[in-house]
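Close look at the chain arrangement
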Amino acid sequence: MDFRFGPEDEAFRAQARAWLGARTAATGRDWERELGEDGWIGLGWEDTAGPGYGNRHASLTQQVVWAEEYALAAAPARVGHIGENLLAPTLIAYGTEEQRNRYLPPVARGEALWCQGYSEPGAGSDLAAVRTSAVRDTRRGGYAVTGQKIWTSLAVDADWCFVLARTEPGSARHHGLSFLLVDMDQPGRVEVRPIRQMSGTSEFNEVFFDGAVAVEAVGGEGGGWTVAMGLLALERGVSTLVQQIGFAAELDRVLRAAVDGGTVTDPVLRARLVTQWAELKTMRWNALRTLGGTGGPGAPSVAKLLWGGWHQRLGELAVEVRGAAGAVGPRAWTPESPYELDDAQRLFLFSRSDTIYGGSDEIQRNIIAERVLGLPRETG
């Protein structure tokens, strides 16, 4: 595939680079509002949702340019990316005009933050096993949602959550599911509990719904499986290109550590570092090749398999290139601060989850086997 940036793309790059270079150190919601005010959220939405949605008439290549410049500038971590990159494209593809009118503008302004209510205890990679239920609420309108979600990123800060719930009593597997939109500000009906991980951080949360009101269903009642699968294709496909830019920065830090510490002279470690570099290049070109949706039904699963294993191996290298020092924390142990890790150690520990979350490697291989290769489905 011939994927080159033209003069308009490079002009757009210069504009993006100048804007990012002139920004202050805002973070969190303040940063999202700053992005929204200057039109850097919802790039390209107008091409798919129609005039009046999103910001800037940006081509697909210009969206890639923006993502590259954002990563290169080491700009603040986004807290609005779930709303922009997952919820919004899903509404554009499956939502009604009324739903798009209501939910897209606040996301584009950087005012509304979203989280994703998919995984549950006992229904992580096997998403069709969800047990969270929702029944029609004739008194308050919409649905009353009851159940538990887990591994919910950004739930502590989110204003809204899109929830996969079972709206047909007695239904099983992918039947009878609906994609519901739930306001997180419902005291006594929505509770968020952060999960402390072995890395010492709490990116993920448990979310408990006790009769929480869901205002409406995207894709209609019972259409949740189709919508959920469409969203996962977005999560595992196009967004991996942006992710790889961050991976490249992490690889650079590992390489510098190997050079500074002298372990780059070890032929085994050196060969592994070269392999990581080559595999990252391959993943980038594969992501560019499938950027326009030309990768076939198995492309998202292939992408997830590739980057999950790659990032996990990078985490292992991050501590191995430092030798014995990789096992030593950055500060002396104290009762007040007993659990300190440096960036390499956090990368090692967090990347253990890469082959599990977002659909485990086993699930991805099943998808490829059944939907691409036509092999018999698993039984039992």
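Fair warning: this is a prediction, and the values are worked out from it, not measured in the lab.

Attention shifts here to the overall build of the protein chain. If you tally the helices and strands in the protein chain, you get twelve helices and seven strands. Looking at the protein chain as a whole, 47% of its 380 residues are labelled buried. When contacts within the protein chain are restricted to residue pairs at least 6 apart in sequence, long-range pairs at least 24 apart make up 70% of them. When the accessible surface of the protein chain is summed, it comes to about 18,600 Å², and 55% of that surface belongs to carbon and sulfur atoms.

Counting 30 residues, the largest nonpolar core has Trp114, Tyr118, Phe162, Phe179 and Leu181 as its most contacted members. Of all the secondary structure elements, the ones that give two or more residues to this core are α5 (81-94), α6 (97-108), β4 (160-166), β5 (177-183) and α7 (224-236). A per-element tally of this core places α5 first, with six residues. Other than its neighbours up to four places away in sequence, Phe162 contacts Ile82, Leu86, Leu87, Trp114, Cys115, Gln116, Gly117, Tyr118, Phe179, Leu180, Leu181 and Leu231. Core analysis: the next-biggest nonpolar cluster, separate from the first, contains 18 residues, Ala134, Tyr143, Val145 and Ala158 among them.

On to the packing of aromatic side chains. Under the defined criterion, the tally for this structure stands at 17 aromatic pairs. Ring centres of Trp19 and Trp40 lie 5.8 Å apart, and the angle between their planes is 45 degrees; this geometry places the pair in the tilted category. Linking Trp19 in helix α1 (residues 7-21) with Trp40 in the loop between α2 (28-37) and α3 (45-49), this pair joins segments that are 21 residues apart in sequence. Ring geometry for Tyr103 versus Trp114: centroids 5.8 Å apart, planes at 80 degrees, classification edge-to-face. With a gap of eleven residues between them, Tyr103 in helix α6 and Trp114 in strand β1 (residues 114-117) connect regions that are remote in the sequence. With respect to class, Tyr103 is no different from Trp114; both count as buried.

Attention now goes to the pattern of salt bridges. One pass over the full model with this rule turns up 23 salt bridges. The salt bridge involving Asp30 is made with Arg33; its shortest N-O contact spans 3.8 Å. Taken as a pair, Asp30 and Arg33 lie in helix α2 at a separation of three residues, close to a single helical turn. For Asp30, a relative accessible area of 51% gives the class exposed. Overlapping salt bridges bring together Glu10, Arg13, Arg17, Glu68, Glu69 and Arg284 as one network.

Counted by the stated rule, this structure contains zero disulfides. Here Cys115 stays unpaired: no disulfide links it, and the sulfur of Cys161, its closest cysteine neighbor, is 3.6 Å away. Among the residues examined, Cys161 registers a relative accessible area of 0% and is labelled buried.

Regular strands place their side chains on alternate faces of the sheet. Where burial is concerned, most of β5 is hidden: six out of the seven residues are buried. Pairing analysis gives seven bridges linking β4 to β5, with the strands arranged antiparallel. Residue Leu164 lies in a different strand from β5, and its bridge partner there is Phe179.

A separate point is the side chain of Gln186. Within the element layout of this structure, Gln186 appears in the loop between β5 and β6 (190-194). Aside from chain neighbours lying at most four places away, what touches Gln186 is Ala212 and Val213.

Our next topic: the environment of Leu373. Position of Leu373 relative to the elements: it lies in the segment after α12 (361-372). When the C-alpha positions of Leu373 and Gly298 are compared, they lie 9.3 Å apart, and in sequence the two are 75 residues distant.

Our focus in this paragraph is the packing of α5 against α6. In the contact formed by α5 and α6, the axes pass within 10 Å of each other and the chain directions differ by 160 degrees. For the element pair α5 / α6, the angle class is roughly antiparallel. Judged by the sense of rotation from one axis to the other, the crossing of α5 with α6 is left-handed. Contacts between α5 and α6 involve Gly83, Glu84, Ala88, Leu91 and Ile92 on the former and, on the latter, Gln99, Arg100, Tyr103, Leu104 and Val107. Classifying every residue of the contact of α5 with α6 gives six nonpolar, two polar and two charged.

Since the α-helix packs 3.6 residues into each turn, any two residues three or four apart lie on the same face. Compared with an ideal rise of 1.5 Å per residue, which puts twelve residues at 16 Å, α12 spans 16 Å between its outermost C-alpha atoms and is within 8% of the ideal. Backbone geometry just after α12 places Gly374 at a positive phi near 75 degrees.

Now for the layout of surface pockets. Roughly 210 Å³ of internal volume is contained in the second largest pocket. Forming the walls of the second largest pocket are Glu250, Arg253, Val254, Ala257, Ala318, Arg322, Asp343, Ala344 and Leu347. Counting only elements with at least two residues in the lining of the second largest pocket, the list comes to α8 (239-261) and α11 (343-350). Here the element with the most residues in the lining of the second largest pocket is α8; it accounts for four residues. When its residues are assigned to classes, the lining of the second largest pocket shows five nonpolar, no polar and four charged.

What counts, and where the lines are drawn
- Residues numbered from 1 in each chain as written.
- Predicted model: local features only at pLDDT ≥ 70, side-chain atom pairs only at ≥ 80, totals over all residues.
- Heavy atoms only, no water.
- Helix = DSSP H or I, 4+ residues; strand = E, 2+ residues; numbered from the N terminus.
- Buried < 20%, exposed > 50% of the residue type's maximum accessible area, 1.4 Å probe, protein only.
- Contact = heavy atoms within 4.5 Å.
- Areas by Shrake-Rupley, 256 points an atom, 1.4 Å probe, with all protein chains shown as cover.
- Core = buried A, V, L, I, M, F, W, Y, C linked by side-chain atoms within 4.5 Å.
- Phe/Tyr/Trp six-rings, centres within 6.5 Å; stacked < 30°, edge-to-face > 60°.
- Salt bridge = Lys/Arg side-chain N within 4 Å of Asp/Glu carboxyl O.
- Disulfide = S-S within 2.5 Å.
- Pairing = 2+ DSSP bridges.
- Axes fitted to C-alpha atoms, helices over the stretch in contact; angles between N-to-C directions.
- Parallel < 35°, antiparallel > 145°, perpendicular 65-115°, else oblique.
- Left-handed = near helix turned anticlockwise from the far one by under 90°.
- Nonpolar A, V, L, I, M, F, W, Y, C, P; charged D, E, K, R; others polar.
- Expected span 1.5 Å × (residues − 1).
- 1 Å grid on protein atoms, 1.4 Å probe; cavity = no way out; pocket = protein on both sides within 12 Å on 5 of 7 lines; lining within 4 Å.
- Points joined across faces, edges and corners; volume = space filled by probe spheres on them.

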